Amino acid sequence: MAHSGISVLFEGTNFTRLMGGLWTSVWIAVVSLVIGLLIGTIFGLLRTMRSRIIRFILLLYLEFFRIVPTVVLLFLVYYILPRQFDINLPATWMAVLAFSLWVAAEFSDIVRGALESVPQHQRESGLALGLNQWQLFRYVLLSQAIQLELPATINLATRVIKTTSLLLMISVMDVINVGQQIIEANNQTHPTGIFWVYGLIFILYFIVDYPLSLWSKHLTAKAERK
């Protein structure tokens, strides 16, 4: 087994490095989701307001992040922003910035759709009770909207986790980048190592994403039964 392909995973610190790369991918995704969901909630609420100007600006924001490929967004944030605005942050935090802006755009549309899906009589009942707009949002709309938007939010989270594979493009030491380095360093002695390294990376992504996918399907099926 000294020179079999699978042994490359356990030589030296290779396995530990892969786990460290996975952790980098996960924490960037988690932090980006937290920031993006908070901003997206605010933007989603603003998109339900009567102001056409605010709705139009936020619609443009959403369409920008839907049209621009994520890899291009990473390049813009990593290569152009530091030069134009003298921003000096590690690549990991520049990635968090890019993903957060993307998540905020996507989640704003999820929030908008969920809020607008709340039955009109629920709004009218809240207003009839004397609730102001903030109280109506907090006590009536938000609780119902959360249930409606949860499956789509989980799907967004799985997309973000998978998209962290693009961090390789801006030299972040994520699990893909670490795996590529291990393959290149051991290509001569372990020519089949690429199969085992990327096979392990596939399994790691599957372990992280599949429970979220099952949860989303469960919530969607539960909502359809109601």
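Our subject is the structure listed above.
The sections below set out a description of the structure shown in this document. Keep in mind that what you see is a predicted model, and the values were worked out from it rather than measured. Positions within a chain are numbered from 1, following the residues in the order the chain's sequence is written. Given that the model is predicted, a residue must reach a pLDDT of at least 70 before its local features are reported, and side-chain atom pairs must reach 80 or more before they are shown or counted; all residues, however, enter totals for whole chains, interfaces and linings. Values reported for side chains reflect all heavy atoms of the structure, with hydrogen atoms and water molecules removed beforehand.

What follows is about the overall build of the protein chain. Each helix is a run of H or I in the DSSP string that is no shorter than four residues. Each strand is a run of E no shorter than two, and both are numbered from the N terminus. A count of helices and strands for the protein chain gives eight helices and zero strands. In terms of overall size, the protein chain is more extended than a compact globule, its C-alpha atoms giving a radius of gyration of 22 Å where 226 residues would be expected to give roughly 17 Å. Summarising its shape, the C-alpha atoms of the protein chain cover approximately 75 × 50 × 25 Å along the three principal directions. A simple rule labels every residue: compare its accessible area, found with a 1.4 Å probe on the protein chains alone, to the largest value its type can have, and call it buried under 20%, exposed over 50%, or partly exposed in between. When burial is assessed residue by residue, the protein chain has 39% of its 226 residues classed as buried. Residue contacts are counted whenever heavy atoms from the two residues lie within 4.5 Å of one another. Within the protein chain, residue pairs in contact and separated by at least 24 positions form 77% of the contacts whose partners lie at least 6 positions apart. A radius of gyration in this sense is built from C-alpha atoms; the matching globule rule multiplies 2.2 Å by the number of residues raised to 0.38.

Taking a probe equal in size to a water molecule and rolling it over the atoms shows the remaining empty space. Cavity: a set of points on a 1 Å grid over the protein atoms alone where a 1.4 Å probe fits but cannot get out. Pocket: an open set with protein on both sides within 12 Å along at least five of seven lines, its lining residues, like those of a cavity, having an atom within 4 Å of a point. Grid points are joined across faces, edges and corners, and a volume is the space filled by probe spheres set on the points. Approximately 550 Å³ is the volume found for the largest pocket. When contributions to the lining of the largest pocket are tallied by element, the ones reaching two or more residues are α1 (14–46), α4 (91–117), α5 (120–128) and α6 (133–163). Gly falls in the polar group here, along with every residue not listed as nonpolar (Ala, Val, Leu, Ile, Met, Phe, Trp, Tyr, Cys, Pro) or charged (Asp, Glu, Lys, Arg). Within the lining of the largest pocket, the residues separate by chemical class into ten nonpolar, four polar and four charged.

Each reported salt bridge corresponds to a side-chain nitrogen of Lys or Arg within 4 Å of a carboxyl oxygen of Asp or Glu. In total, this model carries six salt bridges according to the counting rule given. One salt bridge in this structure joins Asp-109 and Arg-47, with 2.8 Å as the shortest N-O distance. Placement of the pair is Asp-109 in helix α4 and Arg-47 in the loop between α1 and α2 (52–67), with a sequence separation of 62 residues. Residues Asp-109 and Arg-112 are paired through a salt bridge, measuring 3.1 Å at the closest nitrogen-oxygen approach. Linking Asp-109 with Arg-112, this pair stays in helix α4, spanning three residues, or about one helical turn. Here the salt bridges share partners, and the residues they tie into one network are Arg-47, Arg-66, Glu-106, Asp-109, Arg-112, Glu-116 and Arg-159.

Here the structure, examined in full by the defined rule, presents one cavity of 30 Å³ or more. Computed from the structure, the largest cavity encloses a volume of approximately 30 Å³. Of the residues assigned to the lining of the largest cavity, the class counts are five nonpolar, one polar and no charged.

Phi is positive for Ser-171, close to 65°, though the residue is something other than glycine. Within the secondary structure, Ser-171 sits in the loop between α6 and α7 (175–185).

What goes into a patch is any residue over 30% in relative accessible area without a salt bridge, connected to like charges within 9 Å or, for nonpolar side chains (Val, Leu, Ile, Met, Phe, Trp, Tyr), within 5 Å. For the area figures, the Shrake-Rupley method with a 1.4 Å probe applies, and any residue is considered shielded solely by the protein chains shown. A cluster of nonpolar side chains, contributed by Phe-64, Val-72, Phe-75, Leu-76, Tyr-79, Ile-80, Leu-168 and Met-169, occupies part of the molecular surface with about 620 Å² of accessible area. A total of five residues in the nonpolar patch trace back to one element, the largest contributor, which is helix α3 (residues 70–85). Of note, Tyr-79 is situated in helix α3. Its relative accessible area of 37% is what places Tyr-79 among the partly exposed residues.

Structurally, the position occupied by Ser-216 is in helix α8 (residues 193–225). Setting aside its immediate chain neighbours within four residues, Ser-216 contacts Pro-151, Ile-154 and Asn-155.

For every element, the axis is a line fit to its C-alpha atoms; helices are fit only across the contacting stretch, and the angle between N-to-C directions ranges from 0 to 180 degrees. Close contact between α4 and α6 brings their axes to 8 Å; oriented N to C, the two are set at 140°. In terms of crossing hand, the pair formed by α4 and α6 is right-handed. Between α4, through Phe-99, Trp-102, Val-103, Glu-106, Phe-107, Ile-110, Val-111, Ala-114, Leu-115 and Ser-117, and α6, the contact on the second element is made entirely by Phe-137, Leu-141, Ala-145, Leu-148, Glu-149, Ala-152, Thr-153, Leu-156, Arg-159, Val-160 and Thr-163. Residues that form the contact of α4 with α6 fall into these classes: 15 nonpolar, three polar and three charged. In this scheme the handedness of a crossing depends on how the near helix is turned from the far one: anticlockwise by less than a right angle means left-handed, clockwise means right-handed.

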